[in-house]
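What the coordinates show
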Amino acid sequence: MVSNIPYITALTTYFSCAILFAFGKLRDTITKIWCHSTNDLQGYAPISEGHEDFIMRLYLRIEDCFERPICSAPDAWFDVVKRVTNDNNKILKRTENVSRCLNLGSYNYLGFAASDEYCSPRIIECLKTFSASTCSTRVNGGTTTVHTELEEHVAKFVGKPAAIVFGMGYATNSAVLPVLIGEGGLIISDSLNHGSIVNGARGSGATIRVFQHNTPSHLERVLRENIAEGQPRTHRRWTKIIVVVEGIYSMEGELCKLSEIIAICKKYKAYVYLDEAHSIGAVGKTGKGVCELLGVDTADVDVMMGTFTKSFGSCGGYIAGSEELIEYLKYTCPAHLYAISISPPAAQQIISAIKVLLGEDGSNRGAHKIARLRENSNFFRSELQKMGFDVLGDYDSPVMPIMLYNIAKLPAFSRECLKQNVAVVVVAFPATPLLLARARICISAAHSREDLIKALEVISKVGDLVGIKYLPGKPKKQPLPEENSTKLNCRISKSLCKHSQNNGS
């Protein structure tokens, strides 16, 4: 949850935004009065105008902080292409110059986005056999042996009887939810759920209710009130109720309170839809997500959704559940019926990554990656908090937002980090509430301890320069103190040795 915003920070943020909007509107008014548009629309309405167009032009001044092109694999370090502008960011021209930057923005949680000794040769062989695309939907000529093998591996990995895969993670939510529920149904969604869930819920035609972010008590109140009241106007009984939550919230870095939510859903006979886009592969002893991490039986989760773009170094998404559910989706889901199937080499990458995580490649690299990610994430979060940054989220989560609050500090933080060869992602209104601009750091197992220390040094220096250390620095003793680090490493080493012995036997 977002901590209490310092009063002076909130005041200055509102004041700076008010000035920015006021001058923007004044400039628009003067332009309309004194300038004549050279664009003759010939009776057509402007394709973009009003609030949306104003926000777009507002962010034009900091356009250089977004959509930075890269020209290498998104590994721990990558090459960022330098851009120049002669017209205040209206046109950003790429140059031949590149900067080798530490990557703190990509979702490369387990390091599979770069070349891998086990995955890469199998992808190349798959490309030779099946080519880059099936050029068809799954129900026509788009299902290969690689696709069926992938679905079997996904179902086994997440602990469900069956699974179905799609070529796009966003479309997995936005296309599946309207198929699962419609008019007469009730969707209860976490207030900070991803946009794909929001759009999928809106497209379903079902009634939508929102509960306070990650607050089971409020979820129960919303459930109880809506069950008692029934459908709008008719007050008939709901045809079905689905509660939708995320495993790790992508903008908060916070773990879902899954056990409590499942208990409430069982009590009120509501289905649980779990989005594990950022948690599958990234958390849990063997990378099997929040269910493994929190000790929840996957049988208690009715619909398990996830993507392959974060931990598996590929693309697409999946739905895992009962055989009846998956068979139903194969006949009704437009993302399966009408969209092109996932690229065979991309599917092979996912299969190979899962095999590495399960140790089926004959090594313990998968267990080492998972342990390394957890250790890196907890170390980085702990050090940021020691420095006085306001960091959201929970330990074990590889997503850690650093709160900037004031929108004017967003470009300053981004540009200063880039000057020192650290690439970060910054997010502000309207993607977040007006007061809650932030930099979102994504940690990877590919990061070395030296990489993280360099990043911390740069972020600390820039934080002092920009003025975003809102909290007093914490004392040296942390949830993961240094004296326990050796014990943690010993436990990791023992588990890896035992894992290796099991594979050898």
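Residues numbered from 1 in each chain as written. Predicted model: local features only at pLDDT ≥ 70, side-chain atom pairs only at ≥ 80, totals over all residues. Heavy atoms only, no water.

Brief notes about the overall build of the chain
Under the convention used in this document: For the purposes of this entry, the term helix denotes a DSSP run of H or I that reaches at least four residues, the term strand denotes a run of E that reaches at least two, and both are numbered from the N terminus. A radius of gyration in this sense is built from C-alpha atoms; the matching globule rule multiplies 2.2 Å by the number of residues raised to 0.38. Burial here depends on accessible area, computed with a 1.4 Å probe over protein chains only, as a share of the maximum for the residue type. Under 20% is buried, over 50% is exposed, and the range in between is partly exposed. Accessibility throughout is a Shrake-Rupley quantity obtained with a 1.4 Å probe, and a residue counts as covered only by protein chains that appear here. Just so you know, the count uses Lys and Arg for positive and Asp and Glu for negative, and it drops His and the chain ends. To locate a charge, take NZ of a lysine, CZ of an arginine, CG of an aspartate or CD of a glutamate.
When helices and strands are counted, the chain shows 16 helices and 15 strands. For the chain, whose C-alpha radius of gyration is 24 Å, the value lies close to the compact-globule estimate of 23 Å for 505 residues. By principal-axis analysis of the C-alpha atoms, the chain measures approximately 75 × 65 × 50 Å. Going through the 505 residues of the chain one by one, you find that 51% of them count as buried. Counting only carbon and sulfur atoms, one obtains 55% of the accessible surface of the chain, whose full area is about 24,300 Å². Computed over 56 positive and 50 negative side-chain charges, the separation of the two mean positions in the chain equals 3 Å.

Focus: empty space enclosed by the protein
One water molecule sets the probe size; rolling that probe over the atoms shows where empty space is left. Applicable threshold: Put simply, the grid is 1 Å and covers the protein atoms alone, a cavity is a trapped set of points that fit a 1.4 Å probe, a pocket is an open set with protein on both sides within 12 Å along at least five of seven lines, and lining residues have an atom within 4 Å of a point. Grid points are joined across faces, edges and corners, and a volume is the space filled by probe spheres set on the points. Under the convention adopted here, Pro, Cys and the residues Ala, Val, Leu, Ile, Met, Phe, Trp and Tyr are nonpolar, Asp, Glu, Lys and Arg are charged, and Gly plus all remaining residues are polar.
The final tally for this structure, using the stated rule, is four cavities of 30 Å³ or more. Size it by volume and the largest cavity reaches roughly 40 Å³. If you trace the largest cavity, you find it lined by Ala282, Val283, Gly284, Leu293, Ile370, Arg374 and Asp396. Residue classes in the lining of the largest cavity are distributed as four nonpolar, one polar and two charged.

Here we look at the sheet that holds strand E5 (residues 207-211)
The test is simple: A pair of strands is treated as paired once DSSP finds two or more bridges between them. Structural elements are reduced to axes, namely lines fitted to C-alpha atoms, with helices fitted over the stretch in contact, and the angle between N-to-C directions of any two is expressed from 0 to 180 degrees. Two residues qualify as a contact provided that any one of their heavy atoms is within 4.5 Å of a heavy atom in the partner residue.
Strand order across the open sheet formed by seven strands is E3-E11-E10-E9-E6-E4-E5, with mixed pairing between neighbours. In the strand order of this sheet, the two ends are held by strand E3 (162-166) and E5, each with one partner. Averaged over neighbouring strand pairs, the angle between their axes works out to 20° when direction is ignored. Inspection of the sheet shows strand E10 (residues 303-307) paired to strand E11 (residues 317-321) by four bridges, in the antiparallel sense. Paired with Met304 across the bridge in E11 is Ala320. Strands in contact with helix H7 (residues 216-229) are strand E4 (186-190), E5 and strand E6 (241-246); relative to E5, the strand with the most contacts, it is inclined by about 150°.

Considering the sheet that holds strand E1 (residues 77-84)
Taking strand neighbours across the sheet as the criterion, the three strands line up as E1-E2-E13 in an open arrangement whose pairing is mixed. Here the strands that pair on one side only, and so sit at the sheet edges, are E1 and strand E13 (422-423). Here strand E2 (residues 93-103) pairs with E13 via two bridges, running parallel. If you follow Leu102 over to E13, its bridge partner there is Val422.

Observations regarding the nonpolar core
Formally: Definition of nonpolar core: a set of buried residues of the types Ala, Val, Leu, Ile, Met, Phe, Trp, Tyr and Cys, connected through side-chain atoms within 4.5 Å.
Counting residues in each nonpolar core, the largest one holds 107 residues, and the members touching the most others are Phe380 and Phe413. Take this core: its biggest share by element is eight residues, from helix H12 (residues 344-357). Excluding residues within four positions of it along the chain, Phe380 makes contact with Leu104, Met400, Ile441, Ile443, Leu452, Ala455, Leu456 and Ile459. Counting residues in each nonpolar core, the second largest holds 24 residues, with Val179, Val303, Ile319 and Cys333 among its members.

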